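# Tertiary structure, described
Now for the letters of each chain:
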Amino acid sequence: PSAIFENKISEKNVHFYPVGKRGYLQTESDVVKDIDGNVYKKVKIGNQVWLAENLSTTKLNDGTNIKLLSDERLWSKISVGAYCWYDNNSDNKITYGALYNWYTIKTGKVCPEGWHVPSDYEWDLLVNYLGGSISAGGKMKESGTMHWADPNVGATNVSGFKGLPAGERTGQGIFMGINYAGGWWSSTVGKNQNWGRYIYSGGSEVENYDFFNPKRRGYSVRCLKD
């Protein structure tokens, strides 16, 4: 295992494209399209290839519509796949992507063809490659305070992951945390919980977060190449 995990990261270990309007060269080979036609940058970190943006599709990759839910009461009771834009404001789509409930993740079809929601183990590979949970969050976060609240502790984005504080939607349908924190689903489930990852403005850590009773919570999705 020690041969797999890297304790340090440098520019030559990470392959991303520092050209273009939003920091990445957009050529046909460097971007990924979902079934809605949304275009995403991708980044190679270690032996993994990640989307460098949060998912914003409104359909599963087989063309099935995901239910858009704005109403708090309905969000708190639904037991099928659903998504929303933070604060029910579609302007948040461009920067932060969508927030999805667990029923959407459970389908196994939310990511574009050839991509998937990472498992807990696959998140661990990323975090350990970036030096471990104490400092990896800083290497994953977008630097500066254009989107992150001040202080954005340790943020360098040296990995190219460009983690953003998209916030979350609670199981009661309440929006919270935008500009302060971002959380992503994993595909791994336990008896009552789903393990995800969480970063925040006040630290450089990555939390291995136990989303207890998570099915109706809304979090971001980052897809990993198969």
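Below: a short report on this structure.

Scoring rules and cut-offs
- Residues numbered from 1 in each chain as written.
- Predicted model: local features only at pLDDT ≥ 70, side-chain atom pairs only at ≥ 80, totals over all residues.
- Heavy atoms only, no water.
- Buried < 20%, exposed > 50% of the residue type's maximum accessible area, 1.4 Å probe, protein only.
- Helix = DSSP H or I, 4+ residues; strand = E, 2+ residues; numbered from the N terminus.
- Disulfide = S-S within 2.5 Å.
- Pairing = 2+ DSSP bridges.
- Salt bridge = Lys/Arg side-chain N within 4 Å of Asp/Glu carboxyl O.

## Regarding helix α4 (residues 120–129)
Turning to α4, its buried residues are Asp120, Glu122, Trp123, Leu126, Val127 and Tyr129. Positive phi appears at Gly131, one or two residues downstream of α4, with a value of about 105°.

## Quick notes on the state of the cysteines
Applying the stated rule across the entire model yields one disulfide. The disulfide partner of Cys111 is Cys223, and the gap between their sulfur atoms is 2.2 Å. Given an S-S torsion of about -90°, the disulfide between Cys111 and Cys223 has left-handed geometry. Placement of the pair is Cys111 in the loop between α3 (102–106) and β8 (115–116) and Cys223 in the loop between β13 (207–212) and β14 (224–225), with a sequence separation of 112 residues. The residues Cys111 and Cys223 share a single accessibility class, namely buried.

## Quick word on the environment of Ser187
As for its placement among the helices and strands, Ser187 is situated in the loop between β11 (181–184) and β12 (193–200). For Ser187, a relative accessible area of 34% corresponds to the partly exposed category. Sequence separation between Ser187 and Pro118 is 69 residues, and the spatial gap between their C-alpha atoms is 5.9 Å.

## Thoughts on the pairing of strand β4 (residues 48–51)
Here β4 shows two buried faces, one formed by Gln48 and Trp50 and the other by Val49 and Leu51. Of the pairings in the sheet, the one linking strand β3 (residues 39–45) to β4 comprises four bridges and is antiparallel in character. Residue pairing for β4: Lys44 is matched across the bridge by Val49. The hairpin turn running from β3 into β4, its antiparallel successor, is two residues long, and Gly46 in that turn takes a positive phi close to 65°.

## Focus: the pattern of salt bridges
Pairing of side chains with opposite charge becomes possible as their charged atoms draw close. Applying the stated rule across the entire model yields six salt bridges. Of the charged contacts in the structure, one is a salt bridge between Asp36 and Lys59, with a shortest N-O distance of 3.0 Å. Of the two residues, Asp36 is situated in the loop between β2 (31–33) and β3 and Lys59 in the loop between β4 and β5 (67–68); the sequence distance between them amounts to 23 residues. The class of Asp36 is partly exposed, set by a relative accessible area of 27%. Classification of Lys59 as partly exposed rests on a relative accessible area of 27%. Residues participating in the shared-partner salt-bridge network are Asp120, Asp124 and Arg197.

Fair warning: the whole summary comes from geometry, so function is off the table for now.
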